[in-house]
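Residues per chain, in single letters:
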Amino acid sequence: MTVHNLYLFDRNGVCLHYSEWHRKKQAGIPKEEEFKLMKDGFLAFQTSRYKLHYYETPTGIKVVMNTDLGVGPIRDVLHHIYSALYVELVVKNPLCPLGQIVQSELFRSRLDSYVRSLPFFSARAG
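Residues numbered from 1 in each chain as written. Predicted model: local features only at pLDDT ≥ 70, side-chain atom pairs only at ≥ 80, totals over all residues. Heavy atoms only, no water.

### Overview of the pairing of strand β1 (residues 3–9)
Okay, step 1: Most of β1 sits inside the fold, with 7 of its 7 residues counted as buried.
Okay, step 2: Taken together, the 6 bridges between β1 and strand β5 (residues 62–67) define a ladder with antiparallel strand orientation. Directly across from Y7, in β5, lies its bridge partner V64.
Okay, step 3: The sheet contact formed by β1 and strand β2 (residues 15–20) spans 5 bridges and is antiparallel. Across the sheet, residue N5 finds its bridge partner in β2, namely E20.
Okay, step 4: Here β1 folds back onto β2, and the loop between the two strands holds 5 residues, one of which, G13, carries a positive phi near 85 degrees. (Buried < 20%, exposed > 50% of the residue type's maximum accessible area, 1.4 Å probe, protein only. Helix = DSSP H or I, 4+ residues; strand = E, 2+ residues; numbered from the N terminus. Pairing = 2+ DSSP bridges.)

### Here we look at the pattern of salt bridges
Okay, step 1: Under the defined criterion, the tally for this structure stands at 3 salt bridges.
Okay, step 2: Close ionic contact of E88 with K92 constitutes a salt bridge, the shortest N to O distance being 2.9 Å.
Okay, step 3: Judged by relative accessible area, K92 falls into the exposed class, the value being 54%.
Okay, step 4: Salt-bridge contacts for D112 lead to R116; the nearest nitrogen and oxygen are separated by 2.9 Å. Of this pair, D112 and R116 both sit in helix α3 (residues 105–117), separated by 4 residues, roughly a single helical turn.
Okay, step 5: By relative accessible area, D112 is classed as partly exposed at 26%. (Salt bridge = Lys/Arg side-chain N within 4 Å of Asp/Glu carboxyl O.)

Just geometry here; none of it tells us what the structure is for.
Now the structure itself:
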């Protein structure tokens, strides 16, 4: 099992952050177009190759993670990314302007460490 990528969107659909781990195939379209396709709301979506997990906060922040098919429900993981990482390291940081792409290296490194610590993250998947 593994994690392919993660998106964070604001309530207007602006992609605030994108991370990628074991993504074998690219969409073949510019990232901006891909972001537009991923921003609209639903809880989960599954294809024959990946599972898309979706979490939306009351403030309209959307957390989207793509994993392989073997990963079960991860609402708690997405909530942790929002509450313990995004809110604590971005929203509460006066040096991080809200509504703009997240530039915080501390957020990026903590997010990467957290995702790599998940039981369904496989270092061998790449």
